[in-house]
Amino acid sequence: MPNGSSPGYGSAAASERRLIVARGDLTKGWAARAQNRWVWAGFAMPGIIWLVLLFVIPFYAVLAIAGGQLNAIFESPVPIWNPLNWTGANFAAVFHDLIGQGAFVGPIFVRTLVYVAVASILSLVIAYPAAYFVTRFAGKRKVMFLALLVAPFWISYMMRMLAWIDLLQTNGYVNRVLVDVHLVGQPVNWLGGKSVTVILGLVYGYIPYLILVLYAGLDRIDQRLLEAGRDLGLNRVRTFLRITLPLSRQTILTGMLITVLPMVGDYFTNQMLSGSESTSMIGNVIDSQLNTTSQEAQGAALSLLLLAFLLIPMLYYVFQTRKASETAA
Amino acid sequence: MTVITRPETPEIPVVDAAPPPGSPPPAPTARRWQPPWRNPWRRPWILEGFTWIYLIWSILPIGLAVLFSFNDGKSQSVWQGFSTRWYWGDPVNSVFHNPLLRNAVEQTIRLSLLTTVIAVPLGVAFAIGINRWRTKTSATFNFIMVFSYVIPELIFGVAMFFLFTQFFKFIHLGTMAEVLGLVTWNFSWPAIIVLARLVSIGNSYEEAAADLGASRLQSIRRVLIPLLAPAIFASAVLVFASVVDDFVVVDLLSSTSNTQPMSVIIYANTHGGNGGPALNALATLMLILSFVVAIVGVIVYRWMTRGERGSSGQEAMTSIAGM
């Protein structure tokens, strides 16, 4: 067939066929649309069933355990499936641990908030300039810089922690350099329960996710606005303060949420880089409660409280992404 | 009828540009020297230096950890010569010969493949359905899906742990529970990415296909799926890589050391920092696995979107990373 055109395309038969199809669509009307709706529902259904069975029911199970009781002999949790019979015993126990006499979870909770706040602000202060530089000034080297920025994203979290464990050992490179330049006299036991180490670990662990969000957001800013600012006589700093920063406010907020939410539930960074009680975070408490049968129910109650605490930022994120997808449409 | 005429412009006296004879020669036209910090288009040296320091800080520790996986001795911090003993040379403690480590490699690959194969079709179909079936139900489940994306992994893991220990007791902790948990945890990747792509391609292509006589299923198979292919592929790469990287879900849902993938083995054996270079070798293998997937992903994504507007190496890299 020369130049790919179908021989029957312009023929009377073909236009007749198209007409029939068009008329068919018109006459089917609501019946066709109703049928279509079932087609789409059918597409979504496997995913919906999956989410019900493995996302909605699990949270009901957590509620049933948290609202349940303990077996008197084995001290194992006994779930109560009927919401009318739920008891507040486990929640009361958790509240006692949080704010009661001799509360041990309360200080850990405060420590978690401090660690997360310091680590996330440090991450932002480090990630923002780097992402800003690559989007604005990297020029022809942008792809190279982007590849280097993205690389840690593909390196497993455990690998990144392991790398610092190697470096921070008593005879590791960090101590050797510090001793050589006489910043410290003796090698420091970095891995023996130091807050600095844990915060550094959190920053190092979560910064790749933040930097990607910042990069994507900053890259979307219309360059013409910045050029207009420069043309109208703003210098670099003022262009940044008056244009880039206000336009990236949403990106910063999203990026912070993306890093803060998992950081609050982190227990492994702490466990690997310190392992000491003195740096425990709320995630460590939940993790250790899950490993002790008699405390499983309290672990369930505590994780529900943590969820409630984080609900507002989570909902904010959900509605923000919905708004973003609607404005894109 | 009046004729509008231009008012006569007064004659502008022509100023003679030439200097009067005897005056000093004009100043050179070259710009006066300015200190570099006054130049508004100077290179941002401080910012560039900062970025390089950040990059070195983020990559050098990993490079050293990879280096120590080739250490000849047992130290993870003192270099004792090059060898591959921790990969296969050592008859007891190498990744290849230690059943625990070797099994972890296999378990990671097994979990990644199974999860990708289940989660991607599930998420893609869900996204297509939710995007077209606009009812309260679809909006609710869209919300639940995005919620599953932002919830901290520990809270999700706790829920999964209780699901398999208290509710679906016939599914014991182990590979089955891990796969179910990982699919649920990664379900939102394909769903979110494909939904975004559906929004950006709109309805017009499918309407055109319908006008040309394609049936509903034909237009999905011949028009929609090819248009979605890059997004589906990118989400598959992401799901695979995030299962390789995953720790919390598999930590809570694995039972014995037989069902522990690489990340859990590294975590469980580094307390006090005396796991030995075999752990570095294991981590390096994980790194190679992720990098191969990522690089092949970027290349194939580039090939799939060739000729598309906005297709570039940069776009491919951010898409494969889920941005």
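Residues numbered from 1 in each chain as written. Chains lettered and ligands numbered in written order. Predicted model: local features only at pLDDT ≥ 70, side-chain atom pairs only at ≥ 80, totals over all residues.

Draft legend 1. Highlighting the interface of chain A and chain B. Listed by partner, the interface residues are 86 residues for chain A and 83 residues for chain B. In terms of residues, the side of chain A that touches chain B owes the most to one element, helix α1 (residues 12-66) of chain A, which gives 24 residues. For the side of chain A that touches chain B, the per-class residue count stands at 65 nonpolar, 14 polar and seven charged. (Contact = placed C-beta atoms within 7 Å. Helix = DSSP H or I, 4+ residues; strand = E, 2+ residues; numbered from the N terminus. Nonpolar A, V, L, I, M, F, W, Y, C, P; charged D, E, K, R; others polar.)

Draft legend 2. Highlighting the packing of helix α9 (residues 216-245) of chain B against helix α12 (residues 277-304) of chain B. All names here are of chain B. The N-to-C vectors of α9 and α12 enclose an angle of 175°; their axes lie 10 Å apart at closest approach. Looking at the two axes, α9 sits roughly antiparallel to α12. Only Met286, Leu289, Ser290, Val293, Ala294, Gly297, Val300, Tyr301 and Met304 of α12 make contact with α9, whose side of the interface consists of Ala229, Pro230, Phe233, Ala234, Val237, Phe240, Ala241, Val244 and Asp245. Its residues assigned to classes, the contact of α9 with α12 shows 15 nonpolar, two polar and one charged. (Axes fitted to C-alpha atoms, helices over the stretch in contact; angles between N-to-C directions. Parallel < 35°, antiparallel > 145°, perpendicular 65-115°, else oblique.)

Draft legend 3. Quick peek at helix α4 (residues 136-150) of chain B. All names here are of chain B. Between its first and last C-alpha, α4 extends 21 Å over 15 residues, near the 21 Å set by a 1.5 Å rise per residue. Among all positions in α4, only Ser138, Phe141, Asn142, Met145 and Val146 are buried. Along the long axis of α4, the arc covered by the buried residues comes to 140°, so they all point the same way. Turned more than 90 degrees from where α4 packs its buried face, Lys136 and Thr140 sit exposed. (Expected span 1.5 Å × (residues − 1). Buried ≥ 20, exposed ≤ 12 C-beta atoms within 10 Å, placed from the backbone. Arc of directions from axis to C-beta.)

Draft legend 4. Molecular detail of unusual backbone geometry. The phi dihedral of A:His182 falls on the positive side, at around 60°, and the residue is not glycine. Since 7 C-beta atoms lie within 10 Å of it, A:His182 is described here as exposed.

Draft legend 5. Quick look at the environment of B:Ala65. With respect to the helices and strands, B:Ala65 occurs in helix α1 (residues 45-68). For B:Ala65, the contacting residues outside a window of four places in its chain are A:Met159, A:Leu162, A:Ala163, A:Asp166, B:Asn280 and B:Ala283.

Draft legend 6. The environment of A:Val198, seen in detail. Residues and elements named next belong to chain A. Relative to the helices and strands, Val198 is located in helix α7 (residues 195-219). For Val198, a count of 25 C-beta atoms within 10 Å gives the class buried. Separated by 73 residues in sequence, Val198 and Gln271 have C-alpha atoms that sit 9.0 Å apart. Other than its neighbours up to four places away in sequence, Val198 contacts Tyr115, Thr269, Asn270, Leu273, Ser274 and Thr279.

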